[in-house]
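# Close look at the chain arrangement
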Amino acid sequence: MITGEQTEELEAFHLFQSAIDVSKNGLLAFVVKSGATDVIHFLSTENDKINNTIQKDYLIYISSPKFSDDGNKIVFHAVDQKGFADIYTFDLLTDSLLRLTNDYFDDRDPSFGLDQNQILFSSDRTAGKYEKNYNIFSYNITSHQIDYVTYNKYNNYNPVLSPNKKKLNLTSDADGVRNIWQININDKKFSSEQKKVTRFLTSAFDPRFLNDSTLLFAGFENFSFHLYKLNEQPLVTDSISLVINNIPTSSQNWQAGIFRNSDKVQKLFYEKEYSLDFATGVVSTDPLFGTRGGAILALSDLLGDDKFIFLLYNSATVQSDILRSFNIAVQRVNLSKRVNYGYGVFNFSGNRYDITESDEFFYERSFGATTFLSYPISKFNRIEYTVTLMNQDREIVQGISSRKSVLLSNSVAYVHDNSLWGPSGPIDGSRWLFLLGYSSDIKFSNINYFSAIADYRGYARLGYTTALALRLALFYNEGKEARRYFMGGSWDLRGWPRWSIRGEKMWLSSVEFRFPLIDHIQIKFPIFDIGFFGIRGAAFFDMGSAWDNKYETTYGSVGAGIRFNLFNVLVLRYDMGKKIENDFTEFQNGLFYQFFFGWDF
């Protein structure tokens, strides 16, 4: 009916936190995160269109809206900017919002009661000998009076009435776990007896009446959640299936303690503790450093707005070059402000293959610092500005000829990403980037060029784990000693030797059909088990080319492969197929076989 997590309007659903409701007029009310706050959308089940939305800047979190019997009002629980959890109603006819409670008690799970003026809800405002326990209360909208419906030493939640207003069902932990209990209603008065309906050893949640005699609810059993339907049956009354509510005559609330102000001022500093967020393989292409890849690790503090990112890789091709071909980059990113910012240092060294005079490689060491500003328009779109200052020492002929430069690079980019990921890479949504940049040698004037990058990746989901992926990319550098781009290998033009296709200009297109092969493999040992999941297959068709001044030929490949997710840290890739050679006129003899690592594009 509706999909989310790809637009700002439907940024994120609250899994296991908020229920939905449908009015008798076919209007579906549901809660999603949109921007900085939660919103309630009203979706017409006739045309699948959202025709109304409730969004208030001061309502941060919203949960479980429920319609009145006539479908003209909803009641819901929301948390405001002060942290108060209170009950609200919204009139769809007058487009008016009414706050019913406004205090520090935790009011939740509201629903309409015996008439349009009564609201039933769960709250910890219980006073007396059961102080601070969650009980069920009724609120009269006209008189603003709050009364007890239950009063016991247990926690009671989720009140819901039967259509004929003869029964009130709720969930309670009276027997140690959450089960569904029932209170009979006679002459619009709630009975003092609370009888057990379900007998789960795990838990039951969120009861709803399908009709006067049939109950639907969620339950947890065998390590998973299920939906259950229960037809009306006689309730067994015994000491463990019955709770008596002795309702007090006065509806007082417990009062919070008061903290007196002190004339002493003490300044406390927040001490940050960092933990590992993820570690994985990565590949990237940009106009300054060309194509590079390796291992990336990310750390963040408890709040998640202060991050450290480490990139490590080695570009050595022989053992003797391991130490002088070690590459590292460290970047710190701060997300606490409206404009995010970051800075870092790097040292890249090793053999490079972008020399324009020949196909020979040279040794190059680059070190410096970079800083950037990022303005998030929404969760899925942002504008970035990056400045990099780099000292570059290029050894054209070892020990004889060299070229030095101090390179200053500026770039601005627009980035979009609303992709949804599977075990080996994205399977839905799209990602694209458009970048403009300028780089110049500010000391020796050896380098001076501008850059443009356009990279689009789209994913059409054909099934739950099946997708068709498309990539279209253009990389363009123009000017004095412009950096060359590399292509070839498992990350882009498959079948061709890694980084064998080079040029200041480069284009690439890939079409890939992604499908599941094996969802889960469990290997059992006497002491422990090892599980592997997310083994995926792919059929691909790649084509592209790279050139400096004159376009020469077009390269291509076609084939299939396997992707294996190793403990959610690394994706191993094995491809086989045929290269398309001689300007797309013939296939190679035999097949190519290629093993490498990295996520799908």
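Our structure's up above, just so we're on the same page.
Reference entry: report on the structure contained in this document. (Residues numbered from 1 in each chain as written. Predicted model: local features only at pLDDT ≥ 70, side-chain atom pairs only at ≥ 80, totals over all residues. Heavy atoms only, no water.)

### What about the overall build of the protein chain?
Regarding its fold elements, the protein chain presents 0 helices and 42 strands. Taken over C-alpha atoms, the radius of gyration comes to 32 Å for the protein chain, far larger than the 25 Å a tight globule of 601 residues would show. Seen through its principal axes, the protein chain has C-alpha atoms that stretch 100 × 65 × 55 Å. In the protein chain, buried positions account for 47% of the 601 residues. In the form shown here, the protein chain has an accessible surface area of approximately 31,400 Å², with 56% of it arising from carbon and sulfur atoms. If you average the places of the 61 positive and of the 68 negative side-chain charges in the protein chain, the two averages end up 2 Å apart. (Helix = DSSP H or I, 4+ residues; strand = E, 2+ residues; numbered from the N terminus. Rg over C-alpha atoms; globule rule 2.2 N^0.38 Å. Buried < 20%, exposed > 50% of the residue type's maximum accessible area, 1.4 Å probe, protein only. Areas by Shrake-Rupley, 256 points an atom, 1.4 Å probe, with all protein chains shown as cover. Lys, Arg positive; Asp, Glu negative; His and termini not counted. Charge placed at Lys NZ, Arg CZ, Asp CG, Glu CD.)

### A few points about the sheet that holds strand β6 (residues 59–67)
One open sheet accounts for 4 strands, arranged β6-β7-β8-β9; its pairing is antiparallel. Among the strands making up the open sheet, the edge pair consists of β6 and β9 (96–99). Across this sheet, the average inter-strand angle for adjacent strands is 30°, counted without regard to direction. Where β6 lies against strand β7 (residues 73–80), 6 bridges are found, and the strand directions are antiparallel. (Pairing = 2+ DSSP bridges. Axes fitted to C-alpha atoms, helices over the stretch in contact; angles between N-to-C directions.)

### Brief notes about the sheet that holds strand β19 (residues 203–211)
An order of β19-β20-β21 is seen for the 3 strands of this open sheet, with the pairing classed as antiparallel. Every other strand in the sheet has two partners, leaving β19 and β21 (224–231) as the edge strands with one partner each. With direction set aside, neighbouring strand axes in the sheet form an average angle of 25°. Relative to β21, strand β20 (residues 214–221) runs antiparallel, the two being bridged by 8 bridges. Residue pairing in the sheet places phenylalanine 220 in a bridge with phenylalanine 225 of β21.

### A short note on the pairing of strand β33 (residues 448–461)
Relative to β33, strand β32 (residues 426–441) runs antiparallel, the two sharing 12 bridges. Bridging across to β33, serine 440 finds its partner in asparagine 448. In sequence, β32 turns back onto β33 through a hairpin of 6 residues, with serine 445 there showing a positive phi of about 60°. The hairpin formed by β33 and strand β34 (residues 467–480) contains 5 residues between the paired strands.

### Considerations on the pattern of salt bridges
Within this structure, the stated rule accounts for 30 salt bridges. Aspartate 107 is paired through a salt bridge with arginine 125; the nearest N and O atoms lie 2.8 Å apart. Of this pair, aspartate 107 sits in strand β10 (residues 107–112) while arginine 125 is found in the loop between β11 (118–123) and β12 (135–140), placing the two residues 18 residues apart along the sequence. When sorted by exposure, aspartate 107 lands in the same class as arginine 125, which is buried. Between aspartate 600 and arginine 573 there is a salt bridge, and its shortest N-O distance comes to 2.9 Å. On the criterion of sequence distance, the pair formed by aspartate 600 in the segment after β42 (592–597) and arginine 573 in strand β40 (residues 570–581) is long-range, its members being 27 residues apart. The burial state of aspartate 600 is the same as that of arginine 573; both residues are buried. One connected set of salt bridges, linked through shared partners, spans Arg494, Glu512, Arg514, Asp542, Arg563, Arg573, Asp575 and Asp600. (Salt bridge = Lys/Arg side-chain N within 4 Å of Asp/Glu carboxyl O.)

### Regarding the environment of tryptophan 432
Along the chain, the position of tryptophan 432 falls in strand β32. Along the sequence, tryptophan 432 and arginine 471 sit 39 residues apart, while their C-alpha atoms lie 9.3 Å from each other. Excluding residues that lie within four positions of it along the chain, tryptophan 432 makes contacts with Tyr414, Val415, His416, Asp455 and Tyr456. (Contact = heavy atoms within 4.5 Å.)

### A closer look at the environment of glutamine 255
Mapped onto the secondary structure, glutamine 255 falls in the loop between β22 (242–244) and β23 (275–286). Through-space distance from the C-alpha of glutamine 255 to that of alanine 174 is 25 Å; in sequence the pair is 81 residues apart. Separated by 3.3 Å, the side chains of glutamine 255 and tyrosine 104 make a polar contact. Here the side chain of glutamine 255 touches asparagine 253 through a polar contact of 3.4 Å, landing on its backbone oxygen. (Polar contact = N/O pair within 3.5 Å; in protein donor to acceptor, adjacent residues only side chain to side chain.)

### Side note on the pairing of β20
Here β19 pairs with β20 via 6 bridges, running antiparallel. Its bridge partner lying in β20, serine 203 is registered against phenylalanine 220. Hairpin connection between β19 and β20: a loop of 2 residues separates the two successive antiparallel strands. Between β20 and β21, which follow one another and run antiparallel, lie 2 residues, and asparagine 222 among them has a positive phi close to 55°.

### Notes on the packing of aromatic side chains
According to the stated counting rule, one finds 31 aromatic pairs in the structure shown. Their ring planes at 25° and their centres at 5.9 Å tell us that phenylalanine 121 and phenylalanine 137 sit as a pair that is stacked. Taken together, the residues span a long stretch of sequence, with phenylalanine 121 in strand β11 and phenylalanine 137 in strand β12 at a distance of 16 residues. Side by side, phenylalanine 121 and phenylalanine 137 carry an identical accessibility label, which is buried. Judged by centre distance (5.2 Å) and plane angle (75°), the rings of phenylalanine 200 and tyrosine 228 are edge-to-face. Residue phenylalanine 200 is found in the loop between β18 (193–196) and β19, and its partner tyrosine 228 is found in strand β21; the two are separated by 28 residues along the sequence. For tyrosine 228, a relative accessible area of 22% gives the class partly exposed. Within the aromatic cluster, the residues linked to one another by ring pairs are Phe121, Tyr130, Phe137, Tyr148 and Tyr151. One residue, arginine 494, lies across the ring of phenylalanine 540, its end atom 4.2 Å from the ring centre. (Phe/Tyr/Trp six-rings, centres within 6.5 Å; stacked < 30°, edge-to-face > 60°. Lys NZ or Arg CZ within 6 Å of the ring centre and 35° of its normal.)

### Details of the side chain of aspartate 455
Among the secondary structure elements, aspartate 455 is positioned in strand β33. Given the relative accessible area of 11%, aspartate 455 is considered buried. In terms of polar contacts, aspartate 455 uses its side chain to reach the side chain of arginine 471, at 3.0 Å. Residues contacting aspartate 455, with those up to four places away along its chain left out, are Arg431, Trp432, Leu433, Arg471, Leu472, Ala473 and Phe475.

### Let's talk about unusual backbone geometry
Here lysine 132, not a glycine, exhibits a phi torsion of approximately 75°, which is positive. Among the secondary structure elements, lysine 132 is positioned in the loop between β11 and β12. Its relative accessible area of 45% is what places lysine 132 among the partly exposed residues. Backbone geometry places phenylalanine 223, a non-glycine residue, at a positive phi of 65°. By relative accessible area, phenylalanine 223 is classed as exposed at 81%.

Purely geometric stuff here, so don't read any function into it on its own.
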